[in-house]
Amino acid sequence: MIKYLTYGVSPFQQNCRIVFCPDNRNAVIADPGDSARELALEAEKLKLNPVAILLTHGHQDHAGAAQDLARLLNIKIIGPEHGDAFLLEGMSYQGQMLGLPPVDNFAPDMWVTDGQELDLQLNEPVKVIHTPGHTPGGVCYYFEKSGFLLSGDTLFAGSVGRTDFPRGNARDLVQSITEKLFLLPDSVKVLSGHGPETTIGNEKKHNPSLAYMMHLAK
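Conventions used here
- Residues numbered from 1 in each chain as written.
- Predicted model: local features only at pLDDT ≥ 70, side-chain atom pairs only at ≥ 80, totals over all residues.
- Heavy atoms only, no water.
- Helix = DSSP H or I, 4+ residues; strand = E, 2+ residues; numbered from the N terminus.
- Rg over C-alpha atoms; globule rule 2.2 N^0.38 Å.
- Buried < 20%, exposed > 50% of the residue type's maximum accessible area, 1.4 Å probe, protein only.
- Contact = heavy atoms within 4.5 Å.
- Areas by Shrake-Rupley, 256 points an atom, 1.4 Å probe, with all protein chains shown as cover.
- Lys, Arg positive; Asp, Glu negative; His and termini not counted.
- Charge placed at Lys NZ, Arg CZ, Asp CG, Glu CD.
- Pairing = 2+ DSSP bridges.
- Polar contact = N/O pair within 3.5 Å; in protein donor to acceptor, adjacent residues only side chain to side chain.
- Arc of directions from axis to C-beta.

> How should the overall build of the protein chain be read in this particular structure?
Per the secondary structure count, the protein chain includes 8 helices and 14 strands. Its C-alpha radius of gyration of 16 Å places the protein chain within 12% of the 17 Å reference for a compact globule of 218 residues. Counting only C-alpha atoms and orienting by the principal axes, one finds that the protein chain spans roughly 45 × 40 × 30 Å. In the protein chain, which comprises 218 residues, the share counted as buried stands at 56%. Counted over contacts in the protein chain with a minimum sequence separation of 6, partners at least 24 positions apart contribute 60%. For the protein chain, the accessible surface area stands at approximately 9,800 Å², while carbon and sulfur atoms represent 51% of it. The average position of the 18 basic charges and that of the 25 acidic charges among the side chains of the protein chain differ by 4 Å.

> When you look at the sheet that holds strand β13 (residues 189-192) in this model, what are you seeing that I'm missing?
Paired through their backbone hydrogen bonds, the strands of a sheet run either parallel or antiparallel. Taking strand neighbours across the sheet as the criterion, the 6 strands line up as β7-β8-β9-β10-β13-β14 in an open arrangement whose pairing is mixed. Each edge of the sheet is formed by a strand with only one pairing partner; in this case those strands are β7 (117-118) and β14 (198-199). Sheet topology places β13 next to β14; 2 bridges connect them, and they run antiparallel. Among the inter-strand pairings, V190 is bridged to a residue of β14, identified as T198.

> Teacher, can you tell me more about the side chain of S176 here?
The topology assignment puts S176 in helix α6 (residues 170-179). A polar contact of 2.7 Å, which involves the side chain of S176, links it to the backbone oxygen of P132. Beyond its immediate sequence surroundings of up to four residues, S176 is in contact with H130, T131, P132 and L181.

> Can you walk me through α6 in this structure?
In an α-helix, one full turn covers 3.6 residues, which means residues spaced three or four apart are oriented alike. Of the positions making up α6, those classed as buried are L173, V174, S176 and I177. Viewed along the axis of α6, the buried residues span an arc of 160 degrees, placing them on a single side of the element. The N-terminus of α6 is capped by N169, whose side-chain oxygen sits 3.0 Å from the backbone nitrogen of R171.

> Looking at this structure, how should I read helix α3 (residues 66-73)?
Buried within α3 are the following residues: A66, Q67, L69 and A70. Seen along its axis, α3 keeps its buried residues to an arc of 165 degrees; they face one direction. N74 lies just past α3 and shows a positive phi near 55 degrees.

Below you can see the structure in the form of structure tokens.
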């Protein structure tokens, strides 16, 4: 069974996850925020072997440290979907919008696509679910065997991702959640980009923000 650890990074307290297989000690680092050196040291302290960086979307509070971390660990950056190319190619300007220090523009080593199955050397395949809305290229990563979802800023406990950033779309977000994520088992843990963990079942029943967004998207 895959395990994960959560770290609050960036001034926005974004949830970075180190996801690892306890058997072979291979790990992926999802959404490193602004904490390249700290996360590299943490992986070393835990005696893990990082094999890749996963990005759920292209906002700087999630992706800002990806380049530096990739260089430090000599690993590849995977994701998001190509629709977020404009965000990563404009990374140097995002700091002005978000009040964060500027970082260089970049592209990942591999864009991902909806339904793609990734072999990340964790002894478990990882499924890509393209969930546009918060950003056009936003994705979630589904660890079916271990029963959890890295949802980025698509779905939160009791809330959903903002759609007032460039190229955000409320209708797309509602469809991503209701027509893709809500097809997963109710027991699946949702590991959101901000805030506490939740489950698919809980968000089906108790998510007032989604109900409001569904009303707006009509």
